[in-house]
Each structure stands twice: as C-alpha cells, then as structure tokens.
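Survey of secondary and tertiary structure
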Amino acid sequence: MKEYEALSTTSVKHPWPDARGRYGRFGGRYVPETLVYALDELEAAYRSAMADPAFLSDLAERQRNYVGRPTPLYRADRLTAHLGGARIYLKREDLAHTGAHKINNALGQCLLAKRMGKPRVIAETGAGQHGVATATASALLGLDCDVYMGTEDIERQKLNVFRMRLLGARVIGVDSGSKTLKDAINEAMRDWVTNVQHTHYVLGTVHGPHPFPMIVRDFQSVIGREARCQILDQEGRLPDALIACVGGGSNAMGLFYEFLGDTDVAMVGVEAGGTAIVPGMHAARFAGGALGMLQGAMSYVLQDKDGQIGQTHSVSAGLDYASVGPEHALLFTSGRVEYTHASDQEALDAFQLLSCTEGIIPALESAHAIAETIKRAPTMRANQTIIVNLSGRGDKDVQQAAKFILKGEEI
Amino acid sequence: MNRIEARFQALKTQGVSAFVPYITAGDPSMDLSEQLVLALERAGADVIEFGVPFSDPVGDGIVIQEAAQRALQRGASLRKVIAAVRSIRRTSQVPLLLFSYFNPILAYGIEAFARDAAEAGVDGVLCVDLPPDEADDYKLALDQAGLCTVFLTAPTTSDDRLRLVGAKCTGFVYYVSRLGVTGEQTALAEGLKDAVTRIQRLTGKPVAVGFGISTPEQAAAVAGLAEGVVVGSAIVRVVAQHGEDPALVETVETFAGNLAQAVKGQT
Ligand SMILES: Cc1ncc(COP(=O)(O)O)c(C=O)c1O
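To keep things clear, this report deals only with the structure shown in the data block.

Rules behind the numbers
- Residues numbered from 1 in each chain as written.
- Chains lettered and ligands numbered in written order.
- Predicted model: local features only at pLDDT ≥ 70, side-chain atom pairs only at ≥ 80, totals over all residues.
- Heavy atoms only, no water.
- Helix = DSSP H or I, 4+ residues; strand = E, 2+ residues; numbered from the N terminus.
- Buried < 20%, exposed > 50% of the residue type's maximum accessible area, 1.4 Å probe, protein only.
- Contact = heavy atoms within 4.5 Å.
- Polar contact = N/O pair within 3.5 Å; in protein donor to acceptor, adjacent residues only side chain to side chain.
- Pairing = 2+ DSSP bridges.
- Axes fitted to C-alpha atoms, helices over the stretch in contact; angles between N-to-C directions.
- Buried area = accessible area lost by both parts, 1.4 Å probe.
- Salt bridge = Lys/Arg side-chain N within 4 Å of Asp/Glu carboxyl O.
- Nonpolar A, V, L, I, M, F, W, Y, C, P; charged D, E, K, R; others polar.

What about the environment of A:Arg69?
Residue and element names in this part refer to chain A.
- Relative to the assigned elements, arginine 69 resides in the loop between helix H2 (53-67) and strand E3 (73-75).
- Arginine 69 gets classed as buried once you look at its relative accessible area, which sits at 5%.
- Here arginine 69 is in contact with Gln63, Arg64, Lys91, Glu93, Ala96, Asn104, Val222, Ile223 and Glu226, once residues within four sequence places are set aside.
- Separated by 2.8 Å, the side chains of arginine 69 and asparagine 104 make a polar contact.

Some details on the sheet that holds strand E5 (residues 120-125) of chain A
Residues and elements named next belong to chain A.
- An order of E7-E6-E5-E8 is seen for the four strands of this open sheet, with the pairing classed as parallel. Either end of the sheet is taken by a strand with one partner, and the two such strands are strand E7 (170-174) and strand E8 (199-201). Averaged over all neighbouring strand pairs, the angle between strand axes comes to 25°, with direction disregarded.
- Of the strands in this sheet, E5 and strand E6 (144-150) touch helix H5 (residues 129-141), which is tilted by about 165° from E5.

Quick word on the interface of chain A and chain B
- Contacts between the two partners involve 32 residues from chain A, matched on the other side by 32 residues from chain B.
- Carbon and sulfur atoms make up 52% of the surface buried where chain A meets chain B, a total of about 2,700 Å² over both sides.
- When residues of chain A are sorted by the area they lose upon contact with chain B, A:Glu33, A:Arg190 and A:Gln308 head the list and together hold 26% of the total.
- For the interface between chain A and chain B, the tally reads four salt bridges.
- Between A:Arg29 and B:Asp133 there is a salt bridge whose closest N-O contact spans 3.6 Å.
- The interface formed by chain A and chain B includes 16 residue pairs in polar contact (both at pLDDT 80 or more).
- Broken down by secondary-structure element, the contributors of at least two residues to the side of chain A that touches chain B are helix H1 (36-50), helix H8 (181-195) and strand E11 (290-294) of chain A.
- Looking at the side of chain A that touches chain B element by element, the count peaks at eight residues for H8(A).
- A per-class count over the side of chain A that touches chain B returns 12 nonpolar, 10 polar and 10 charged.

It is worth stressing that arrangement in space is one thing and function is another; only the former is reported here.
As structure tokens, then:
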C-alpha cells in the first residue's frame, strides 16, 4: 500500500476558507467575545503544527499504528450484483480504531491540545462515536476528558456511554432543549467559555466557529486522499460518484475534499429524511432549512420564521442536527455537491441489506449513504463506479435498530 | 441624542454610575414584562436590558436559559418584543437596550429589524454571539437607524481587540467580568479595577460591568469602579420565583430598588 501525504490545508481549485474563516457567505466566527482569543490561539497552534514535520510525522505514525490507517477500499461485489448497475466500493472507516471516522479528527485535535499545553478536553457527542473517539485519544495521550451528551441520545446509545466511561471519560447528560446533539454543543460551549484557559474543545464535525470547520476537514481529508489513490490502484481511473451521509458533514467533507477539483466526479451528500420532510420530523437542512447562524457558523439552519431553532428527528443520533457545516452550504449553493435525503425506513432497510449481502453492519448514519446507493447504482452503467463512505460500524445501533426491525419481538 | 448616550452623559456629570438591570422579555408574560420594565424604571434603572428569548442561548447560564424557555413557550418572539417596546414607550422614556442572539435578528432581516426597533423606541442592541468583526452589515444598519451598538469585552480580550470594540461600540462597552456564562456569583472577579481601567483606556467609552453581580454589596463595589453595573440573573431569578405571585411587580421593584440604591451610593 502506498504512503499517503499526511495533511494539506490548501487546494488550488477550492481556496476556502478565506482569511476570515468564510466559505463564500457561510462560516465565520459568531461567538461571545470570551472565545475569540481561544479561536485565535487554536488557529495559530494549528497552523504551526501543520508546518512542523515532527507533529505531522507523529500524527502519521499514530494513524498507521494506532488507528489502523489506511482503511481498506473494499469492492462490494454482492451488493453490486444485488443492485445491478455501478460497481460499488466501500471506504471502510468502520474498520478504523473505535469503529468510525471520528477518530481521525479526535486524535488530531487531542494532539493539538497537548501541543497547546491544555490538560483537559471536552467534546459533544450525538451518536456517541465522537465522544468515544475523544475519550480514546484522551486515554492515549493522558488528557482529562468530559463529554456532553443529550439525555435522549444517552438513552439510544447506551453502549457508547459505557464505552466512554470505561475509557476514563466523564459523560455529562444534557437535559435542556431537544436533549440531543445541538443541546450537547450548547453545553460544551458554555463549559468552554468558562474553562477556556486550560481546556480545549474537541468539536466533532465540520461545524462551529472558524477554525473548527477547517481543522476537522483537514484531519478528515485523509479519507479522500487514501480513497483517491486506492481507486486509481484498483480501477485505474477516478470514480464516477462519491456518496456520504451528512450530519455536521465531517465524513462527507473528508471523502469529498481531495476530489473537489476532479470535475467529472459527482458527489452526493445524504441528509436524514426522518419520517417526513415536515418541520420537526427530519434533519434535512438543505430540504427544509434557511440561511441562519447556529453555534458559531453561518450556514443552513432548520428554524421557524422567528429564527428560533427547529426541532429535528432522525433514527440516527449522529445526523440529528439542525445545522450543517458551512463548507457544505457553499458546495450546495455552488452546485458542486448534490444533497439529498434518506428516510428512517430507507436507512433501516439499507442497514439490513448491507448486513446480509456483505456481512457488514453499518452505522445507522452510514446506512443513509447506503440507502442513496441503493437508489442510484441501478441507474448507472456497469462500467461506472461509486465510492460510498462507510463512516462507521453498526454495533452501537443494533439495539436501536432491533426496536424498529423486530417491532415488539424479543431480540 | 440617543437616550442611552444621553443617560451616560448625565450620570457622568452627576458623578454616579448607571444601574442596568436585565429581564427576559416574555417571562412570565409579555404584559407582565412591560409592567416590570416600568417597575424597574421606578426602582431607579438608568438603562434596561430587555432580553430577546432564544432557543439556544449559549452565552447564558441556567437561570436565563429557563426564563427564555418559559417565554418561548408563551409565544414570545422578536416581533412581539419590539411591539412590547412600542407599548412601553407610550408611558416611559427609560433607555432600552435589546439583548439578543444573532439568529432571530438575521431571520427578521437586519435592516428591517433596525428600522422597526428604532421606530418602536428601542435605543440600542447588544448581540451576544456577534463579535464586532462579523458585524459590518449589522453595524451599518443600526447606525443608520440611530441605535447604539453595544459589544462585549471579556478578560481574554486583547489590547488590539479592545481598540476594535471601542471603535464599533456606541453608548457604552459591556465588560463580562469573568469567564463563563451568565449567573450569580458569590465573589467578584479579582483585579476588576485594573481590568476596567484598561478597557476604559483602550476603548475610550463608558464601561458597564456584568455577569455575576447579584447583591447590593457587589453592586456598590462595582459602582465604585465602572460607569455601569449590570444585574441580570439575580433579577430573573426573582421573576421566576414570583411568576405566579400577584405581588410580582412590587417584589421586583423592591429588589431592584435596593440594588439601585447601592449603585447610587445611598445605602
Ligand atoms: C458513524 C457516523 N457517521 C456519520 C456521523 C455524522 O457526522 P458527520 O456528518 O460529521 O460525519 C456520525 C456522527 O456521530 C457517525 O457516528
């Protein structure tokens, strides 16, 4: 397997963010004044780390020997045959240590926290994967770790809650608002405002105030860099389409970023369609949202006419969020990426189909990307290829999925 | 002249500090909030911060979060807050500062908001999650409408940024005297005098200190250091405790009156 260059923070064809942390009109740094210095400090530390060969080689070594990178690009022949149409490849982020792509970012940011001399990190988590990843990196690096999690998510992701505790993290339940990811982020921001001098906030997706969307994207872009080399190795040419689910948007940005300049590669982001595209029953920001500012970034936001943030719903906790990363908002308005959504039911069907055709149980988040693949692959020719980001494994979801799939039967 | 600026100037000649109480608009109801504003004026408020409830108030502690939640459950919105100001202006000329988050203003439309707020009788706006470097359109619209733009400063604000805030603030500069969200504190931040002096020097504006002041003793101590004393959560808590009480308005008036007297050095 080839060596992949560790990180890049610039792309000639896609010069975002600009100096003010903006992606077109999106992004920025909408935070209470107390945090401005912390964001400045973080950006400076990040830029110096990225220019430091020792930091980069430490990161690359840990990605290889601890995370298990590169993750495979797996040709899913039985799924391909079942659907009929384009050849389907799965980028196996489910095989990364802790079972999802979230570790790529958590490890990078915890190394940064250490470099900044901050002994404590905090994180928000929805599905629990980012919390687990941050707790893991903290255990590895000897950092104190507190994770904020909505009490509704604690209920539907019990296994991950216990994993975090096992890893030495404290899980703090958040009972305000919708008791999900958005509320966990509010509480993490309140903690950060209070303890900013010795605490780093490991934000888990490409959202929040600049420089977070850039940092998370860059740490996740290893996914696309690997995938691009791997598909060239295996197919001798670039893929026709990339498909990824979009919560905040980090696994999608991670896969897409390296391909943005490849204009023949189509890209599809899949949001949570929930039970219906009516307010409160989904989390498809590009289908039902409007320009707004939530939690530090200008982007698309599910909100009412008065600018109050809307309730959201998804069977998958990791996609259940009222806003979306600002870079996705730019890619949506520019038309470079197509955004669509998959319903709870479609995701549950995809969850089962991938399990029985390939022996791979996907995370419910990733199952949204599989659901779109099920619709799209049959419309494509057999000599075309799709790379689907299999952002995580589904072990955390089996109990939740069983409730829907077995409907009343015992597991 | 803008009522907020006029009030700070008048107080300067009298050599006393401003008492700046905060309440959340719409808690326990918009009608009662209007009455509470008038009660705060009678109690001796110089500027009243009228909080626009928001679903995701990241800058606020639990007391003000819960107040916002109650207000939203009763149907409060930015539009209704502006209507309440219009109604207050029928009987009162007390300087009024809206304390908001950015998204409700963005959804309203920045220019429409500035126009409607000024027309209703609002004197200025403080937007918690809008630092001055993101506020170009907002600043332009509020300036044109004759509204004060108050921005926050914090213990972590650098000298350069203090100069920036000074250049963008009108009326006064708000100093968040400690790291954290709104809420009552038992002890005041150390080194407050030095911090306030530094902000006065670098911004050239009057400074109001807030976040954590809850007792008359603390209010009196801060009044000796800064041009303004903001009390928020302590008053919102009294409103919450007496939300159903027919004596709500008098209770808040008495509570605020004690704070006002402490600020004016009359205790
Ligand atoms: C496996 C998995 N995929 C996707 C997501 C969604 O996040 P993002 O859109 O940032 O990749 C999550 C979030 O928890 C996740 O756990």
